[in-house]
Amino acid sequence: MSERTSFTLTQKDIPTHWYNILADFSEPVPPPLHPATKQPVTLADMTAIFPENLVMQEMSTERHVEIPAEVRDIYALWRPTPLLRAVRLEKALQTPAHIYYKYEGASPAGSHKPNTAVPQAYYNKQAGTKRLATETGAGQWGSSLAMACKMFDIECVVYMVKVSYHQKPYRKMLMHTWGATVHSSPTKHTHVGRTILEKDPECPGSLGIAISEAIEDTVHHKDTKYSLGSVLNHVCMHQTVVGQECMKQMELAGEKPDIVIGCVGGGSNFAGVSFPYIREKIVNKDPVRIVAVEPSVCPKLTKGEHRYDFGDTAGMTPLLMMYTLGHDFMPPAIHAGGLRYHGMAPTVSHARKLGLIEAVSYEQAKVFENGVLFAQNEGIVPAPESSHAITAAVDEAIKAREEGKKRVILFNLSGHGLLDLASYDSFMAGHMKNV
Ligand SMILES: *Cc1c(COP(=O)(O)O)cnc(C)c1O
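Worth saying up front: this structure is predicted, and the values here are computed from it rather than measured. (Residues numbered from 1 in each chain as written. Predicted model: local features only at pLDDT ≥ 70, side-chain atom pairs only at ≥ 80, totals over all residues. Heavy atoms only, no water.)

Novice: Sorry, what's going on with the pattern of salt bridges here?
Specialist: A side chain of one charge can pair with a side chain of the opposite charge if their charged atoms are brought near each other. Taken as a whole and assessed by the stated rule, the structure comprises 21 salt bridges. Between K366 and D395 there is a salt bridge whose closest N-O contact spans 3.3 Å. You can see K366 sitting in helix α16 (residues 364-378) and its partner D395 sitting in helix α17 (residues 384-403), a full 29 residues away along the chain. Judged by relative accessible area, D395 falls into the partly exposed class, the value being 23%. Each of R79, K102, E104 and E245 takes part in a single network of salt bridges with overlapping partners. (Salt bridge = Lys/Arg side-chain N within 4 Å of Asp/Glu carboxyl O. Helix = DSSP H or I, 4+ residues; strand = E, 2+ residues; numbered from the N terminus. Buried < 20%, exposed > 50% of the residue type's maximum accessible area, 1.4 Å probe, protein only.)

Right under this line is the structure:
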């Protein structure tokens, strides 16, 4: 073998703690506000929909939070995930850059999302929750939570954005296989859903609407709590196992990244790969560049405003200080369903506000072109969401070639696209709108 391309860890290298970036920001993240009183939310406000142990974690500023043994045992079913060097892609691009990717598609659900689904189900079980309600965009989160709930014997109800429900029937089947109930959102089961359907019976749905429905379901059912797959502090924190493993694996590779890249929907896989590196920037003045990648039709970090806004469409969640396009923003039905969210994690938003990260956006057709390029060189068919990160990595590698500089690029391949093949089919048939 000419170049070493795989940097493998063993089970003992699974991180023992999650990393909480709130401990290291030079200024605190502005607190979530109660939608009616505009005062910072209290523990009591939050426990209406979340179990107390997770609310405590959400509010915690402890730097390292220990991962429970039961959670680590389940992580060991797929963690540590592989880190690979994309040597064949480098050759295809004729770049002096070294491109590394962390492969989160190796999880049973095919994305990074089980990294938080499993601890969320665990803490809910500890708190006596019998039923969890949630929303899902492309179906990645719903399937991850369905699997985690089954492992902890909790009932799981998923409100799935209508456009994905129809575009991605296999994820619905996956959720059914893991024992969950799945509704196409907007539904007629909730007040929010009925109101939206009265105005627009053809409404394709959105993550914001589905969140509103899941929260309404939660407050109307006994022993039910709500679970969110991205955005919140504790969710981003759970994902930091990704970046911590990357650091060890990059050490095995004998290199340090100059650029760390992740795609952003609500911000969790990006937070996961980048927060441990942002700590290096804050504490050790590491010059590493951190780049968030979003679709051009949902450009919250590149074109949104940093202000208080609701996390959902109906205005039921606390007000979060974040980059947002407005909670009533309706993104067009692009294939990267997991990136169709109007807001951004408050922690990621804060990092952007403090100048710790950069953001870029790309149009859909270019993203698919690079997804296919990656598949044809590296084998893995990437999720359309992950292809946004690939596109930024490819652009950086081309820039390195033009500047004649060796650069080390690391990106998070947040999931595989084997259940997104209909999108690839549409791209290859030339039917994809370039938005
Ligand atoms: C859900 C999802 C995303 C976007 O969500 P984040 O919370 O921003 O990570 C990205 N990639 C894949 C594969 C996903 O399933």
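Novice: Honestly, the environment of P276 in this entry has me stumped. Any pointers?
Specialist: Tracing the backbone through its elements, the reader meets P276 in helix α13 (residues 268-284). Counting along the chain gives 33 residues from P276 to G243, while the straight-line C-alpha distance between them is 5.8 Å. Other than its neighbours up to four places away in sequence, P276 contacts Y19, T240, G243, Q244, M247 and A271. (Contact = heavy atoms within 4.5 Å.)

Novice: Any chance you could explain a nonpolar patch on the surface here in plain terms?
Specialist: Where nonpolar side chains cluster on the molecular surface, the patch consists of L43, M56 and M59 and spans about 260 Å² of accessible area. With respect to the secondary-structure elements, M59 resides in helix α2 (residues 52-59). Residue M59 is classed as partly exposed on the basis of its relative accessible area of 39%. (Patch = residues over 30% accessible without salt bridge, like charges linked within 9 Å, V, L, I, M, F, W, Y side chains within 5 Å. Areas by Shrake-Rupley, 256 points an atom, 1.4 Å probe, with all protein chains shown as cover.)

Novice: Looking at this model, I keep getting lost on the packing of aromatic side chains. Mind explaining?
Specialist: The geometry of an aromatic ring pair is captured by the separation of the ring centres together with the interplanar angle, meaning the angle of the planes. Evaluated as defined, the whole model comprises 11 aromatic pairs. With a centroid separation of 5.9 Å and 50 degrees between ring planes, the pair formed by F7 and Y100 is classed as tilted. With F7 in strand β1 (residues 6-7) and Y100 in strand β5 (residues 98-103), this pair connects stretches of sequence that are 93 residues apart. Accessibility expressed as a relative area gives 2% for Y100, which makes it buried. Where Y101 meets F411, the ring centres are 5.8 Å apart and the plane angle is 25 degrees; that geometry is what we call stacked. Of the two residues, Y101 sits in strand β5 while F411 sits in strand β15 (residues 408-413), which places them 310 residues apart along the sequence. Looking at F411, the relative accessible area reads 0%, which means it is buried. Every member of this aromatic cluster is reached through a ring pair, and the members are W18, Y122, Y123 and F152. Just above the ring of Y165 sits the side chain of K172; from NZ or CZ to the centre is 4.3 Å. (Phe/Tyr/Trp six-rings, centres within 6.5 Å; stacked < 30°, edge-to-face > 60°. Lys NZ or Arg CZ within 6 Å of the ring centre and 35° of its normal.)

Novice: Would you take a moment to explain the domain arrangement of the chain for this structure?
Specialist: Many structure descriptions define interface size as the accessible area lost when the parts assemble. Looking at the assigned domains, one finds that the chain contains domain 1 (5-14 + 69-111 + 235-428) and domain 2 (20-66 + 113-233). Counting from both sides, the interface comprises 60 residues of domain 1 and, opposite them, 63 residues of domain 2. Summing both partners gives a buried area of about 5,100 Å² for domain 1 against domain 2, and 67% of it is carried by carbon and sulfur. For the interface between domain 1 and domain 2, the tally reads 3 salt bridges. Note that D420 and R171 form a salt bridge whose closest N and O atoms lie 3.1 Å from each other. Along the contact surface separating domain 1 from domain 2 lie 26 residue pairs in polar contact (both at pLDDT 80 or more). (Domains from an automatic or database assignment. Buried area = accessible area lost by both parts, 1.4 Å probe. Polar contact = N/O pair within 3.5 Å; in protein donor to acceptor, adjacent residues only side chain to side chain.)

Novice: Even after reading the chapter, I still don't get the nonpolar core, so can you show me in this structure?
Specialist: One recurring pattern in soluble globular proteins: nonpolar side chains tend to sit buried together. Core analysis: the largest hydrophobic core is formed by 69 residues, its most contacted members being W18 and V348. When residues of this core are assigned to domains, at least three map to each of domain 1 (5-14 + 69-111 + 235-428) and domain 2 (20-66 + 113-233). The contact partners of V348, leaving out residues within four places of it in the chain, are G267, F270, A271, F275, L301 and I357. Counting 31 residues, the second largest nonpolar core, distinct from the first, contains L339, I380, A392 and A393. (Core = buried A, V, L, I, M, F, W, Y, C linked by side-chain atoms within 4.5 Å.)

Novice: Please clarify how the sheet that holds β15 should be interpreted in this entry.
Specialist: Strand-to-strand pairing in sheets goes through backbone hydrogen bonds, with the strands running parallel or antiparallel. The 7 strands are arranged β1-β4-β5-β15-β10-β11-β14 in an open sheet whose pairing can be described as mixed. A single partner strand is all that each edge strand has here, and the edge strands are β1 and β14 (358-362). Docked against the sheet, α16 engages β4 (83-85), β5, β14 and β15, running at close to 95 degrees with respect to β14. In the packing of α17 onto the sheet, the strands contacted are β5, β10 (259-263), β11 (289-295), β14 and β15, and the crossing angle to β10 comes to about 150 degrees. (Pairing = 2+ DSSP bridges. Axes fitted to C-alpha atoms, helices over the stretch in contact; angles between N-to-C directions.)

Novice: Looking at this structure, how should I read the side chain of D217?
Specialist: Note that D217 resides in helix α10 (residues 207-220). You can call D217 buried: its relative accessible area is 5%. Reaching out from D217, the side chain makes a polar contact with the side chain of Y159 at a distance of 2.7 Å. Not counting chain neighbours up to four residues away, the residues in contact with D217 comprise R131, A133, V157, Y159 and T224.

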